[in-house]
Amino acid sequence: MKATEAKLLDFLKKSPQFVIPIYQRTYSWTEKECRQLWDDIVRCGSSDKIAVHFVGSIVYVESGLSQVTHQAPLLVIDGQQRLTTVSLLLAALAKAVGDGEPFDGFSQRKIRNYYLLNPEEVGERHFKLLLSQTDKASLTALVGDGEQPQHPSIRVNANFDSFKRWIGDGKVDLATVCQGLAKLVVVDIALTRDQDNPQLIFESMNSTGKELSQADLIRNFILMGLEPVLQTKLYEQFWRPMELDFGQAAYGTHFDGFMRHYLTVMTGEIPNINAVYDAFKAHARHTRPDFADDQSHIETLVCDIRDYARHFCAMALGNEPDDDLKRAFQDLRELKVDVAYPFLLELYRDYKADLLSKPELLASVRLVEAYVFRRAICAIPTNSMNKTFATFTKALRKDRYFESVQAQFLLLPSYRRFPSDEEFYRDIQTRDLYHFRSRSYWLRRLENHGRRERVVVDEYTIEHILPQNDNLSPKWREALGDEWQRIQQMWLHTLGNLTLTAYNSDFSDRAFTEKRDMPAAPEKSLKLSPLKLNQGLGALETWDEAAIKIRAERLAGDAVNVWSAPKLAPEVLDEYRPKVAAVVGGYTIEDHRHLLNATNGALFDAFRKAVLALDPCVSEQFMKLYVAYKAETNFVDVVPQATKLRLALNMSFGEINDPRGLCKDVTDIGRWGNGDVEVGFSNIDDLPYVLGLVRQSLDLQLGNDGES
């Protein structure tokens, strides 16, 4: 490695050509970063006291051996963003100076021929900087005065336009910009191909993961060490099509999330969103320790990622060609059910492999939708859903695919349960649906259920039949009775009082009979509304608490069918129930003599009541040598001793938060009970603190410890 300080413009002038390798990320600087560079250049150009301004390093390696006739291009390992942005500024400046020369060396011809072009070369060698495919054609069109491609680079063109605007607004004279550019300094770092490892240097320079996305790091990890021919093949055959499927904007916002879901499918574990790159490296090396040296394995892996990416784009980005599936995936997106994608990716893969029919896939997607929406309506915490969907397919029987999907939903334990028809029917009538995170979603689903001709709900606005105005008119108070304030407060934003209309401003706070009939414009009335949601309103004489309740009950009945629950015959469901081994001996508290003394008996009684109250799913089981408390499995075990209760928490010692230091690390030490954390409990005053430790173990099992 050889590092030297250099004026950026001198560096550009003497270098033959910079090429951004195909494994590098696309150009990603926004107006914010460009503005910062612009302000720095203007500041330097305006002050004689500032001799130089350092803008970072340019790290590169020669792409091949230089020849007598021409120098080999330089492959940029780090510095693409700065090189591209300065080139865009120079291109905009060249157009602005025209035939003039506001500062020595900065005429249009000199700017272009020194810093942007190789004037005596043709083809791609004519350009000083060649970006990767997404951005290449746009930049060469700008600096070479050519036509923009059919799919131009969003960032390249937007930032070029910003520089043109700042130059053209007249706030800074051109000589100042030229002087500022002349003061930019970089560290020129040249790597030696046979001595330096570009991948290690690249990772070291981007170790924080802030500058590059996780997906960028993964692409570089896969492609950087390959021979150029294979590198190009894998990029053009697999990675480039993924970039096109996602599109420029979505690639930046969704690809990291996709890779997280992909790894969840592959490993059964949910990587932290900021550690996807590390998880991918571990996965690649786990499947093949000599990953970097096995080109066929690399190709298989990239092909697999490409297939899953196509599935993800169909579901998450609206690329699905089938209309029925496309609508179902759109509904999931409105609900923001990202946690379900690992499960859905596997379903979609099997659908494409003809293991799952389209009707079964559609029904499965609708079950996911109903599961998530019902839980939201019933106010069940969502924390455990990521782990629920991460492991969902493990219990499926693919010879009875959809049946096993239904069984899996029906057998989820209480804290992960699929809310019953009765629970959902009850809660949706009283839930505040006006402030629900996507009210257009549930209104559209209710309105269009069973319709062949779908209503575009976006053309309507939500209407409170009983108005929101705190100061209700005398007519409304009379209709509601003496308790009008209670009724308005209780039912205002609920299912029974909400509907859709195209005439919200006309309705305003009018009395119900006026909204119903609209004498001056009957076509706007609720009575003549074509919407299913408004059926029956035209036959009512008044709108009071009883009317709201009746309508809520009717719509709740519809909702049970729109977001329907799985249904299996009891004997079929029994086939899927896990076989529970009989407890030998049927132990009880009487089998634990240390729990029968006065001191320990009082401790245990208080402890068991508190633990069983943590969650409805918690169960208690007396074993021969300890007492187990379970959700899906043991989260705390009580081992009775002569003078205290020894608690075993089923978690690793590194996961426990114990400010008082009561916990003991028993990793690899033989003990009754499950887990690596031991707590002694002998003082009733410690119960609140001990219960906090126990809750950590329960939360870890329920999935309440991470992102949902």
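If you're wondering where the values come from, they're calculated on a predicted model, not measured in any experiment. (Residues numbered from 1 in each chain as written. Predicted model: local features only at pLDDT ≥ 70, side-chain atom pairs only at ≥ 80, totals over all residues. Heavy atoms only, no water.)

A. Spatial organisation of the overall build of the protein chain. Within the protein chain one finds 27 helices and 14 strands. Dimensions of the protein chain, computed from the C-alpha atoms along their principal axes, are close to 90 × 85 × 55 Å. Partitioning the contacts of the protein chain with sequence separation of at least 6, the portion at a separation of at least 24 is 70%. As displayed, the protein chain offers around 33,400 Å² of accessible surface, 49% of which is attributable to carbon and sulfur atoms. (Helix = DSSP H or I, 4+ residues; strand = E, 2+ residues; numbered from the N terminus. Contact = heavy atoms within 4.5 Å. Areas by Shrake-Rupley, 256 points an atom, 1.4 Å probe, with all protein chains shown as cover.)

B. Structural view of the environment of G105. Of note, G105 is situated in the loop between helix 3 (80-97) and helix 4 (108-116). A residue is classified by how much of its surface remains accessible, and G105, at 15% relative accessible area, is buried. For G105 and A182, which are 77 residues apart along the polypeptide, the C-alpha to C-alpha distance reads 9.7 Å. (Buried < 20%, exposed > 50% of the residue type's maximum accessible area, 1.4 Å probe, protein only.)

C. Representation of the sheet that holds strand 11 (residues 634-640) within the structure. The strand order 9-10-11-12-14-13 describes an open sheet built from 6 strands, whose pairing is antiparallel. With partners counted over all chains shown, the strands left at the sheet margins are strand 9 (619-622) and strand 13 (663-665), one partner each. On average, each strand axis in the sheet is inclined to that of its neighbour by 25°, with strand direction left out of account. Sheet contacts for helix 27 (residues 687-702): strand 11, strand 12 (645-649), strand 13 and strand 14 (677-681); angle to strand 11, the most-contacted strand, approximately 140°. (Pairing = 2+ DSSP bridges. Axes fitted to C-alpha atoms, helices over the stretch in contact; angles between N-to-C directions.)

D. Representation of the pattern of salt bridges in the model. One pass over the full model with this rule turns up 49 salt bridges. For R306, the salt bridge identified is with D245, shortest N-O distance 3.0 Å. You can see R306 sitting in helix 12 (residues 295-316) and its partner D245 sitting in helix 10 (residues 228-267), a full 61 residues away along the chain. Judged by its relative accessible area of 8%, R306 falls in the buried class. Residue classification places D245 among the partly exposed residues on the basis of a relative accessible area of 26%. With a closest N to O distance of 3.9 Å, K475 and E514 form a salt bridge. Here E514 lies in helix 23 (residues 512-517) and K475 lies in helix 20 (residues 474-480), a separation of 39 residues in the sequence. Exposure remark for K475: the relative accessible area of 54% places this residue in the exposed category. Exposure remark for E514: the relative accessible area of 25% places this residue in the partly exposed category. A network of salt bridges, in which partner residues are shared, links D331, E334, R366, E369, R444 and R445. (Salt bridge = Lys/Arg side-chain N within 4 Å of Asp/Glu carboxyl O.)

E. Examining the packing of helix 5 (residues 133-143) against helix 6 (residues 154-168) more closely. Relative orientation of the contacting elements helix 5 and helix 6 amounts to 30°, with a least axis distance of 8 Å. Regarding the angle of helix 5 to helix 6, the classification is roughly parallel. Facing D135, S138, L139 and L142 of helix 5, the residues of helix 6 in contact are V156, N157 and F160. (Parallel < 35°, antiparallel > 145°, perpendicular 65-115°, else oblique.)

F. Fine view of the packing of aromatic side chains. Under the criterion given, the structure shown has 40 aromatic pairs. Between W239 and F255 the ring centres are 5.7 Å apart and the planes differ by 45°, which places this aromatic pair in the tilted class. The class for W239 is buried, based on a relative accessible area of 1%. With a centroid separation of 5.5 Å and an interplanar angle of 80°, the aromatic rings of F373 and F436 are classed as edge-to-face. Of this pair, F373 sits in helix 15 (residues 358-377) while F436 sits in the loop between helix 18 (421-430) and helix 19 (439-448), and the two are 63 residues apart along the sequence. Judged by its relative accessible area of 1%, F373 is buried. Put simply, the rings of W239, F246, Y251, F255, F258, Y262, Y308, F312 and Y341 pair up and form one aromatic cluster. Over the face of the ring belonging to W166 we find R35, whose NZ or CZ atom lies 4.8 Å from the ring centre. The positively charged end of R660 is found above the aromatic ring belonging to Y689, 4.6 Å away from the centroid. (Phe/Tyr/Trp six-rings, centres within 6.5 Å; stacked < 30°, edge-to-face > 60°. Lys NZ or Arg CZ within 6 Å of the ring centre and 35° of its normal.)

G. Expanded view of the confidence of the model for the protein chain. Across the protein chain, the average pLDDT comes to 88, with 93% of residues at 70 or higher. Counting interchain partners and residues more than four positions distant, the pLDDT-below-50 stretch residues 65-69 has 3 contacts. (pLDDT = per-residue confidence, 0-100.)

H. How the structure looks around helix 10. Between its first and last C-alpha atoms helix 10 spans 30 Å; for 40 residues at 1.5 Å apiece the expected length is 58 Å, and the helix comes up short by more than 12%. G268, located one to two residues past helix 10, shows a positive phi value of around 80°. (Expected span 1.5 Å × (residues − 1).)

I. Geometry of empty space enclosed by the protein. Counted by the stated rule, this structure contains 1 cavity of 30 Å³ or more. Counted as a void, the largest cavity has a volume near 40 Å³. Forming the boundary of the largest cavity are S87, Y115, L116, F127, K128, L129, L139 and V143. Those elements that provide at least two residues to the lining of the largest cavity are helix 4 and helix 5. When grouped by side-chain class, the residues that make up the lining of the largest cavity number 6 nonpolar, 1 polar and 1 charged. (1 Å grid on protein atoms, 1.4 Å probe; cavity = no way out; pocket = protein on both sides within 12 Å on 5 of 7 lines; lining within 4 Å. Points joined across faces, edges and corners; volume = space filled by probe spheres on them. Nonpolar A, V, L, I, M, F, W, Y, C, P; charged D, E, K, R; others polar.)

J. Spatial organisation of helix 26 (residues 598-612). For helix 26, which comprises 15 residues, the first-to-last C-alpha distance of 21 Å matches the rise-based estimate of 21 Å (1.5 Å per residue) to within 8%. Among all positions in helix 26, only N600, G601, L603, F604, F607, A610 and V611 are buried. As for helix 26, its buried residues are in contact with strand 9, strand 10 (627-630), strand 11, strand 12, strand 14 and helix 27. One side-chain oxygen at the N-terminal end of helix 26 lies 2.7 Å from the backbone nitrogen of N600; it belongs to N597. (Polar contact = N/O pair within 3.5 Å; in protein donor to acceptor, adjacent residues only side chain to side chain.)

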